[in-house]
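The chain contents come next:
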Amino acid sequence: MKEFELINRFFTGRGITRRDVDLGIGDDCALVTIPEGCQLAVTTDTLVEGVHFFSDISPKALGHRILAVNLSDLAAMGAEPAWISIGLTLPNVDETWLEQFTEGMHDIAEYYNVQLIGGDTTQGPLTITVCAKGIVPKGKALTRSGAKVGDWLYVTGDLGDAALAIEARKQGWDLSDEDRSYAQKKFDYPAPQVAAGQVLRGLANSAIDISDGLLADLNHILTHSGVGAIIHADKVPLSNALKNLPDEEVRLMLAMAYGDDYQLLFTVPDSNRVAVEKRLAEYGVTPTCIGQINANAGDVSLLYKDKPWPFPATGFEHFS
């Protein structure tokens, strides 16, 4: 199967069709119409075999995952996902693999009302790049630079489960079948907090998605906003699967410094706390307050049960 046969079979005419797509797959560019009074939010992520996923990952899970990590970036900006384009580099054409991969990709795209509008296919080591585009009311996007002194710091859900899946495999940890399956599903099928991001528009001062680890991503907010933070490590939400690990320091290391959670980390002024918690609860999200923003620019004070707590790690960074 050659390139254009591949495109026609697995991508053209599959998935949803949005009214705002004027020209989709098949030309030199796609054409879309952006609603009046909105801005375009654009994000790009690349997943590389051996760096971002194991080589034996389910193709369907990989198709889901590559879209989810991009939609999570749009969620962090409070944007509504709309369109995606994909760059797919394959070592060879495996029709069974492609069928499962595109099934996973089209399933999540349909769930979030996202249309595939173009991309590229090439031959080489397995690498997948997605460019996702969304729309957000003009001037309403959430950013990393809006945190204010006194804001409360929240996360939308449990942290550390994807890390548990990875480290259990690498270190040979003896997990129960239930805990291993739960953690692996959280890694394979992350759930971008799209609805939560849109709820937070106008209520939160800043937001970011947790992809590189709580501390690493918090540092982006602190740097862009010129503020500091106090974090209560014992308040960080953990799943039962992670709580079942016997070593508490290992549990917190996975939750705070590992990443791949794709929950939202956001700051809220005191006046909006009740509204945020109530609105998110309407969408099945129970946010957890884990700390507060202060004036110590760039500094993170870690506390455990209200006592200073030294922590040896900061998070993932390419080329580090």
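Relevant structure appears above.
The model shown is predicted, which means the values in this text are computed figures rather than measured ones.

Enquirer: Where do I start with the sheet that holds strand β7 (residues 152-155) in this structure?
Expert: What links the strands of a sheet is backbone hydrogen bonding, and the strands pair in either a parallel or an antiparallel sense. In space, the 7 strands of this open sheet follow the order β8-β10-β7-β11-β9-β12-β13, with mixed pairing throughout. Bordering the open sheet on either side are β8 (206-209) and β13 (307-308), each of which pairs with just one other strand. In the sheet, β7 pairs with strand β11 (residues 288-294) via 4 bridges, with the strands oriented antiparallel. Looking across to β11, one finds that Y154 is bridged to C289. Along the sheet, helix α7 (residues 214-225) makes contact with β7, β8, β9 (228-232), β10 (264-268), β11 and β12 (300-304), crossing β8 at roughly 145°.

Enquirer: Even after reading the chapter, I still don't get the packing of aromatic side chains, so can you show me in this structure?
Expert: Centre distance and the angle of the planes are the two values used to describe a pair of aromatic rings. Tallied over the full model, the rule gives 4 aromatic pairs. Ring centres of W97 and F101 lie 5.0 Å apart, and the angle between their planes is 10°; on these two criteria the pair is classed as stacked. One end of the pair is W97 and the other is F101, both in helix α3 (residues 95-111) and 4 residues apart, which spans about a single turn. When sorted by exposure, W97 lands in the same class as F101, which is buried. Aromatic pair Y304 and W309: ring centres 6.0 Å apart, planes at 40°, arrangement tilted. Of the two residues, Y304 and W309, both sit in the buried class. Above the face of the F187 ring, R65 is positioned so that its terminal group lies 4.0 Å from the ring centre. Above the plane of the ring of W152 lies R273, whose end atom (NZ or CZ) is 4.3 Å from the centre.

Enquirer: Explanation requested: a nonpolar patch on the surface in the structure shown.
Expert: Nonpolar side chains collect at one region of the surface, where V32, I34, L40 and V42 lie side by side and expose about 300 Å² of accessible area between them. Position of L40 among the secondary structure elements: in strand β3 (residues 38-48).

Conventions adopted
- Residues numbered from 1 in each chain as written.
- Predicted model: local features only at pLDDT ≥ 70, side-chain atom pairs only at ≥ 80, totals over all residues.
- Heavy atoms only, no water.
- Pairing = 2+ DSSP bridges.
- Helix = DSSP H or I, 4+ residues; strand = E, 2+ residues; numbered from the N terminus.
- Contact = heavy atoms within 4.5 Å.
- Axes fitted to C-alpha atoms, helices over the stretch in contact; angles between N-to-C directions.
- Phe/Tyr/Trp six-rings, centres within 6.5 Å; stacked < 30°, edge-to-face > 60°.
- Buried < 20%, exposed > 50% of the residue type's maximum accessible area, 1.4 Å probe, protein only.
- Lys NZ or Arg CZ within 6 Å of the ring centre and 35° of its normal.
- Patch = residues over 30% accessible without salt bridge, like charges linked within 9 Å, V, L, I, M, F, W, Y side chains within 5 Å.
- Areas by Shrake-Rupley, 256 points an atom, 1.4 Å probe, with all protein chains shown as cover.
- Salt bridge = Lys/Arg side-chain N within 4 Å of Asp/Glu carboxyl O.

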